[in-house]
Amino acid sequence: MLRTHNCGELTISNVNQEVILSGWVQKSRDLGGMTFVDLRDRYGITQLVFNMETNAELCEEARKLGREFVIQIKGIVSERESKNNKIATGEIEIVVSELNILNISKTPPFTIENETDGGEEIRMKYRYLDIRRNPIKENLLLRNKVGFEVRSYLHNIDFVEVETPYLIKSTPEGARDFVVPSRMNPGTFYALPQSPQTFKQLLMVGGYDRYYQLVKCFRDEDLRADRQPEFTQIDCEMSFVDQEDILNVFEGMTKHLFKKIKGVEMNDFLRIPYDDAMRLYGSDKPDIRFGMQFVEINELVKNKGFKIFDDAELVVGICAPNCANYSRKQLDKLTDFVRKPQIGAKGLVYVKYNEDGSFKSSVDKFYSQEDLQLVADKMKSNKGDLLLILSGDKDHTRNALNELRLEMGNRLNLRDKNVYAPLWVIDFPLLEWDSDNERWHAMHHPFTAPKPDEMDILSTEPGKVHANAYDLVINGVEIGGGSIRIYNKDIQAQMFKHLGFSEEDAKEQFGFLMNAFEYGAPPHGGIALGFDRLVAMFGGSDSIRDYIAFPKNNSGQDVMISSPSTIADNQLDELFLKITKVND
Ligand code: ASP
């Protein structure tokens, strides 16, 4: 036996037992006649002691141990003189009688400590060392725990996990596909799934009325901190359900997870129609940990000679509580913030509602104290508040004010990591207009069903049709989304037509699904939750990368295995591929 115990379990109750431990040398220190070694494994750290007086030879050997050597020791558990109450094994140490070096180690390129001296790049290159560190280990164990709880919850309510293939044909879900050339079928390609969408619908046709899968999905998109080219979804689908059933099941699962993982009891989730979310927060994933809702004030500010407001489609503001004392400098900073190219507002109008009841604004030339009082009343503001107002076309203005609202939320410390504010955004529009390409896109995906009572305007006013599509949003993060699906061949064909597919294209790409709909497809719907994001939220971080054992960097590369990489000419030949152009 290479060990009788692990490095995290021995306590005062084991004193005088002879034990064998194996693990990595975290660090060692020589104190006069004694050498202390911290031995580490996944479970914790146990202190080993070697005594020069009682066993000089062994002690000499211990002094030669380097960091990260893998050793096995035999010894007696003893009570420590100076106890360390910060670790579970802090009351004991092992007085070592035998030492066996199982493997030596080069000096690691960074310290294997909670706070390491290694930068991101080097840690990723030696990720197998990085994941020895406690913070990453905790993250991966958290991920394991969340996955286990998801499976247990869904299993208990009759969901079955079914694997779907990774080598498929592309499903148009808005992103680019990763493709894989087929050697056996020259000139053809598989695509890696952006999600198992069509397969899970086929499983419903197949009668597996409650399906789920913790599944890898692949999307060739530009990357950000919360995106990876391959990521994991909790993918689910149910038959004989309406939207209400799905929201209930997955609200139940989310509450269960928060209870088990964070010890947090959640109230019932708010439900906000998409149109309201956009009107009140300028976002389809509002952070509702704090208020500061948008107030539209067109009718109060137009026709007073201020051209910018007169010309604007929308004039809308937020009320920042107790900020009337903002200095010129602070206000300039906010103006610079909204003018950043990513945000794109032209300017910012402010109104200070002073403690004495007077108003001071950047548009005093055009608006009297009475005018501003009406604005302040409409925005339900109090003395001491600061009103921040943007104007312009509706979409851009809402977008910019959303960013400003979040920024103010940060400045005023209203976005507490330990507070969780979940909600469902419901009633999404079915389609969105792509003005660049002059065509409709499915807002969710082409399999989402129109609301039945709006079917009749699908051909006349497609932009007005809503869907039973929903997103789960927590703290401003889109955790998941799904919809009730079309299960009728003709409606699906009509939908493809609206999306600009010719009949042949639709048949070529989705004939299998439309055919399946002719063999008794049940009504169905589903959802997929971003597993990495959910775990990151439980861990209190914005970056999903920290919760993935072997993540890719911002350029989609794995610097440890140097991937993606070129392949040999004969491999290219075998796949009938020819590289004609490489961008560097
Ligand atoms: N397949 C969808 C997605 O990946 C989720 C769903 O509609 O169930 O976003």
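Source: prediction; values computed, not measured.

Explain the overall build of the protein chain to me, please; I cannot follow it from the model alone.
The number of helices and strands found in the protein chain is 16 helices and 22 strands. For the protein chain, buried positions account for 48% of its 584 residues. Here the contacts in the protein chain between residues at least 6 apart in sequence split such that 65% fall between residues at least 24 apart. Put simply, the protein chain has 72 plus and 90 minus side-chain charges, and the middle of one group is 4 Å from the middle of the other.

Can you walk me through the pairing of strand E20 (residues 469-474) in this structure?
Two faces make up the sheet, and in a regular strand the side chains alternate between them. Within E20, 6 of the 6 residues are buried, which leaves the element mostly enclosed by the surrounding structure. Side chains Ala469, Asp471 and Val473 of E20 all project onto a buried face; the interleaved residues Tyr470, Leu472 and Ile474 project onto the opposite face, where all are buried too. Looking at chain direction, E20 and strand E21 (residues 477-484) are connected through 6 bridges and run antiparallel. Within E21, the position partnered with Val473 by the bridge is Glu478. Hairpin connection from E20 to E21: 2 residues lie between these consecutive antiparallel strands, with Asn475 at a positive phi of about 50°.

I'm lost on the site of the ligand in this one. Help?
Close to the ligand lie 14 residues, the nearest being Gln197, Lys200, His444, His445 and Arg485. If the ligand stood free it would expose 270 Å²; the protein chains cover 91% of that surface. Contributing elements (two or more residues each) for the shell around the ligand: helix H5 (197-205), E21 and strand E22 (524-530).

What's the story with the side chain of Arg123 in this structure? I'm lost.
Its location among the elements puts Arg123 in helix H2 (residues 120-125). Ignoring any residue separated from it by four or fewer positions in sequence, one finds Arg123 in contact with Phe110, Thr116, Gly118, Asp130, Arg133 and Ile136.

Whenever I open this one, the nonpolar core confuses me. Can you help?
Generally speaking, nonpolar side chains in soluble globular proteins are found buried as a group. Leu154, Ile234, Phe250 and Trp424 are the most contacted members of the largest nonpolar core, which totals 40 residues. It is helix H6 (residues 243-262) that provides the largest number of residues to this core, a total of 8 residues. Look past the residues within four positions of Leu154 in its chain and what remains in contact with it is Phe159, Tyr212, Ile234, Cys236, Phe250 and Met253. If you look at the next biggest cluster of nonpolar residues, it comprises 30 residues, including Ile272, Leu430, Phe447 and Leu458.

When you look at helix H11 (residues 369-378) in this model, what are you seeing that I'm missing?
In an α-helix, one turn spans 3.6 residues; hence positions three or four apart end up facing the same way. Listed in full, the buried residues belonging to H11 are Asp371, Leu372, Val375 and Ala376. Looking straight down H11, one finds that the buried residues subtend no more than 135° of arc, so they occupy a single side. Against the buried residues of H11 lie helix H8 (298-301), strand E14 (349-353), strand E15 (359-361) and strand E16 (386-392). A positive phi of about 50° marks Lys380, the residue just after H11.

What counts and what doesn't
Residues numbered from 1 in each chain as written. Predicted model: local features only at pLDDT ≥ 70, side-chain atom pairs only at ≥ 80, totals over all residues. Heavy atoms only, no water. Helix = DSSP H or I, 4+ residues; strand = E, 2+ residues; numbered from the N terminus. Buried < 20%, exposed > 50% of the residue type's maximum accessible area, 1.4 Å probe, protein only. Contact = heavy atoms within 4.5 Å. Lys, Arg positive; Asp, Glu negative; His and termini not counted. Charge placed at Lys NZ, Arg CZ, Asp CG, Glu CD. Pairing = 2+ DSSP bridges. Near = heavy atom within 4 Å. Areas by Shrake-Rupley, 256 points an atom, 1.4 Å probe, with all protein chains shown as cover. Core = buried A, V, L, I, M, F, W, Y, C linked by side-chain atoms within 4.5 Å. Arc of directions from axis to C-beta.

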